[in-house]
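Fold and contact review
Take a look at the letters that make up each chain.
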Number of protein chains: 2
Amino acid sequence: MTEYDTHIAVRPDVDGFATDLVDGWRVGGGINGGYQLAVVGNALGRVVAEKPDPISLSAYYLSAAVAGPATVRPRVVREGGTTATLAADLWQGDDHRLTALATYGDLADLSDDVRTTASPPDLPPLEDCVPNTMAPRELREVAPLLDRFDLRFDPRHVGWALGQPSGNGELQGWFRLVDDREPDPISLLTVVDALPPVTFDLGLMGWAPTVELTVHVRARPEPGWLQVRHATRNVAGGMFEEDCEVWDSVGRLVAQSRQLARLPRD
Amino acid sequence: MTEYDTHIAVRPDVDGFATDLVDGWRVGGGINGGYQLAVVGNALGRVVAEKPDPISLSAYYLSAAVAGPATVRPRVVREGGTTATLAADLWQGDDHRLTALATYGDLADLSDDVRTTASPPDLPPLEDCVPNTMAPRELREVAPLLDRFDLRFDPRHVGWALGQPSGNGELQGWFRLVDDREPDPISLLTVVDALPPVTFDLGLMGWAPTVELTVHVRARPEPGWLQVRHATRNVAGGMFEEDCEVWDSVGRLVAQSRQLARLPRD
């Protein structure tokens, strides 16, 4: 069992599913939201037979999660046809961490047609990108999650680490979980929220609390490295949207997400 | 009171809020999803004092709504700080139409900074655009909602009406509710889902059922005409994402939405 599978494991209990959030996914004062999504998504995949895959998942974050025991309380909103609409809440004791709605189904049932007009990120080759192992020590200390995956940043978008952000509001790179754990629909829920806030590229260092994040999983990813692209186009009113695209090793756009987050306080 | 305000009106009752869905918002066999969002959003704006505005709203559609009585059942998930997280369900009798999560607050409380890098649609002047009153009769008969607003299509994206879609997967135009009803945060919930499916521009005529729609309201719109742009970049697996931007009369990007919808069956 890979590290990642151990970290997202859930056990059925009286309230739904029990899990343990791992400190290794901490970012600053809280546990990474994409990791929480995968834990919740993993539990929801066990709720309805023959509907194991997230197709759409919307999470509203309520309070910062911490390392330790947590409970996922799932609810079937509607079952029938090729998909099920589900709800879930993540609790730690009396603290409500997130509430979510989701559509689950079997991605293998979707038709094979692909008429995608979006283009993959124009990433330099893996060996020309900047590995997260080169992230500043102070960043790695506040963000141990950087040790959970191999992330190779596009060199055009790492200026923030040197105090020279590009100002474009973009971050992109190659992504692979440790232990060569291959991507699957559940791990994509983590991938869409694993990179630093795209606002780093605007010179706004600091963690950006997510208000809402919706991810659409559009296909089961093929094994291998993923290409991930984050961008923001509307930084205003103390908030920003962050769009993410995840492309698999055969060039399929397998996941799209958008989140609304609060700007870090300067 | 304008037609629109009459149509989205809700009355407190034992279950939450009672309303009447109006046939004038029908599209094909169902009532328009954006109109349903505004009815639900209008009810949620009355749940928490000093938090009247939708900031983020995610709806999962469960069954086709019909004209007639409906009930919005709201629930406070978390209250505190500058925002509240709310949930709502829309019912017609025993039929569950949609379930939603939302973040509400007061848009007037947001900071004034605007660092938007997105560009407004490059729309021709109003007088050079194609009014929805010119939509084919057969379309207007299946979509009476076209009489609820003044919509001026960019001529570059109306080829579908003549059997010559551009193939770009884009639709944009000027938008204004009838009675010169000025835009507000609630009406933006309708605007993001009022245009025909962007798949019309790909030659895929037919209504596209929405699975999930999330809208972020980023600012209170100024009075006047809105500019609306729809685009899709990932038509695959029998589904597509539809992104929408709404710009107000002073060039502010006031709302962004993304929906996941099923392709119409050919």
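Residues numbered from 1 in each chain as written. Chains lettered and ligands numbered in written order. Predicted model: local features only at pLDDT ≥ 70, side-chain atom pairs only at ≥ 80, totals over all residues. Heavy atoms only, no water.

1. Overview of the overall build of chain A
Per the secondary structure count, chain A includes four helices and 15 strands. Here the C-alpha atoms of chain A give a radius of gyration of 18 Å, agreeing with the 18 Å that 2.2 N^0.38 yields for 266 residues. By principal-axis analysis of the C-alpha atoms, chain A measures approximately 50 × 45 × 40 Å. Put simply, chain A has 266 residues, and 61% of those count as buried. Taking contacts inside chain A between residues at least 6 apart in sequence as the whole, the part at least 24 apart equals 70%. By element, 49% of the accessible surface of chain A is carried by carbon and sulfur atoms, the whole surface being about 9,800 Å². (Helix = DSSP H or I, 4+ residues; strand = E, 2+ residues; numbered from the N terminus. Rg over C-alpha atoms; globule rule 2.2 N^0.38 Å. Buried < 20%, exposed > 50% of the residue type's maximum accessible area, 1.4 Å probe, protein only. Contact = heavy atoms within 4.5 Å. Areas by Shrake-Rupley, 256 points an atom, 1.4 Å probe, with all protein chains shown as cover.)

2. Some remarks on the side chain of Ser58 of chain B
With respect to the secondary-structure elements, Ser58 of chain B resides in strand E5 (residues 53-61). Within polar-contact distance, the side chain of Ser58 of chain B engages the side chain of Tyr60 of chain A at 2.7 Å. Reaching out from Ser58 of chain B, the side chain makes a polar contact with the side chain of Thr214 of chain B at a distance of 2.9 Å. When near neighbours in sequence (up to four residues on either side) are disregarded, Ser58 of chain B contacts Ser58, Tyr60, Leu101, Glu212 and Thr214 of chain A together with Thr99, Ala100, Leu101, Glu212, Leu213 and Thr214 of chain B. (Polar contact = N/O pair within 3.5 Å; in protein donor to acceptor, adjacent residues only side chain to side chain.)

3. Quick notes on the nonpolar core
Counting 74 residues, the largest nonpolar core has Phe149, Phe175 and Val246 of chain B as its most contacted members. Among the elements that line this core, the one with the most residues is helix H2 (residues 33-44) of chain B, at seven residues. Judged by nonpolar contacts, the second largest core, of 73 residues, contains Tyr35, Val72, Ala143 and Leu213 of chain A. (Core = buried A, V, L, I, M, F, W, Y, C linked by side-chain atoms within 4.5 Å.)

4. Brief notes about the interface of chain B and chain A
A common way to express how large an interface is: the accessible area buried when the components associate. In this complex, chain B contributes 54 residues to the contact, which on the side of chain A involves 54 residues. Together, the buried faces of chain B and chain A total about 4,400 Å²; carbon and sulfur atoms form 48% of this surface. The largest share of the area that chain B buries against chain A comes from Tyr60, Arg218 and Arg233 of chain B, three residues that together contribute 16% of it. Counting across the interface, chain B meets chain A through 46 residue pairs in polar contact (both at pLDDT 80 or more). Where the side of chain B that touches chain A is concerned, the elements lending two or more residues are E5, strand E6 (68-80), strand E7 (83-92), strand E8 (95-105), strand E12 (210-217), strand E14 (239-247) and strand E15 (253-262) of chain B. (Buried area = accessible area lost by both parts, 1.4 Å probe.)

5. Focus: the pairing of strand E15 (residues 253-262) of chain A
Residues and elements named next belong to chain A. The buried fraction of E15 amounts to nine of the ten residues, a majority that puts the element mostly inside the structure. Both strand E12 (residues 210-217) and E15 contribute to a ladder of seven bridges, which runs antiparallel. Pairing of Glu212 across the sheet is with Leu260, part of E15. Bridge count for strand E14 (residues 239-247) against E15 is nine bridges, and the pairing is antiparallel. In the sheet register, Phe240 faces E15, and the bridge partner there is Ala261. Where E14 hands over to E15, the hairpin turn is made up of five residues, of which Gly251 adopts a positive phi near 80 degrees. (Pairing = 2+ DSSP bridges.)

6. Some remarks on the packing of aromatic side chains
Residue and element names in this part refer to chain A. Overall, the coordinates contain 14 aromatic pairs over all chains when judged by the stated rule. Residues Phe149 and Phe175 carry aromatic rings whose centres are separated by 4.8 Å and whose planes lie at 35 degrees to one another, so their mutual orientation is tilted. Taken together, the residues Phe149 in strand E10 (residues 149-153) and Phe175 in strand E11 (residues 170-177) connect sequence positions 26 residues apart. Both rings, one in Trp160 and one in Phe200, keep their centres 5.0 Å apart while their planes meet at 65 degrees; by these two values the pair is edge-to-face. One end of the pair, Trp160, is in the loop between E10 and E11; the other, Phe200, is in the loop between helix H4 (185-191) and E12, and 40 residues separate them in sequence. Since its relative accessible area comes to 2%, Phe200 is described here as buried. Within the aromatic cluster, the residues linked to one another by ring pairs are Tyr4, Trp25, Tyr35, Phe149 and Phe175. (Phe/Tyr/Trp six-rings, centres within 6.5 Å; stacked < 30°, edge-to-face > 60°.)

7. Remarks on the relation of the copies chain B and chain A
Expressed as a screw operation, the relation of chain B to chain A combines 0.0 Å of axial shift with a rotation of 180 degrees, fitting to an RMSD of 0.0 Å. Such a combination of turn and shift is consistent with a two-fold rotation axis. Interface residue correspondence from chain B to chain A reaches 100%, placing this contact among same-surface, isologous pairings. (Least-squares fit on C-alpha atoms with pLDDT ≥ 70 in both.)

8. What to know about the pairing of strand E13 (residues 226-231) of chain B
Residue and element names in this part refer to chain B. Of all six residues making up E13, five are buried, and the element is well covered by its neighbours. Here strand E11 (residues 170-177) pairs with E13 via six bridges, running antiparallel. Its bridge partner lying in E13, Leu171 is registered against His230. Bridging between E13 and E14 involves five bridges; their strand directions are antiparallel.

9. Quick word on H2 of chain B
All names here are of chain B. Given a rise of 1.5 Å per residue, twelve residues ought to cover 16 Å, and the 16 Å separating the end C-alpha atoms of H2 matches this to within 8%. The element H2 is extensively covered by neighbouring structure, given that twelve of its twelve residues are classed as buried. Among the residues of H2, Gly33, Gly34, Tyr35, Gln36, Leu37, Ala38, Val39, Val40, Gly41, Asn42, Ala43 and Leu44 are the ones counted as buried. For H2, the capping residue at the N-terminal end is Asn32, with a side-chain oxygen 3.0 Å from the backbone nitrogen of Gly34. (Expected span 1.5 Å × (residues − 1).)

10. Digging into the confidence of the model for chain A
Residue-level pLDDT values for chain A average 95, and 100% of them are 70 or greater. Interface confidence in the predicted complex, given as ipTM, is 0.97; pTM for the same model is 0.97. (pLDDT = per-residue confidence, 0-100.)

11. So, the side chain of Arg97 of chain B
Residues and elements named next belong to chain B. Looking at the element boundaries, Arg97 is found in strand E8. A relative accessible area of 7% places Arg97 in the buried class. Among the polar contacts listed, one links the side chain of Arg97 to the backbone oxygen of Ala64, at a separation of 3.0 Å. Contacts of Arg97, omitting those with residues within four sequence positions, involve Gln36, Tyr60, Tyr61, Leu62, Ser63, Ala64, Ala65, Val66, Leu90 and Gln92.

12. Let's talk about the environment of Gly24 of chain A
Relative to the helices and strands, Gly24 of chain A resides in the loop between strand E2 (16-21) and strand E3 (26-27). Leaving out residues up to four positions away in the same chain, Gly24 of chain A has contacts with Pro144, Leu145 and Arg148 of chain A.

13. Section: the pattern of salt bridges
Scanning the entire structure with this criterion turns up 40 salt bridges over all chains. Measuring nitrogen to oxygen at the nearest pair gives 2.8 Å for the salt bridge that ties Asp23 of chain A to Arg26 of chain A. Arg258 of chain B is the partner of Asp243 of chain A in a salt bridge, and the nearest nitrogen-oxygen pair spans 3.4 Å. Of this pair, Asp243 of chain A sits in strand E14 while Arg258 of chain B is found in strand E15, placing the two residues in two different chains. Classification of Arg258 of chain B as buried rests on a relative accessible area of 8%. (Salt bridge = Lys/Arg side-chain N within 4 Å of Asp/Glu carboxyl O.)

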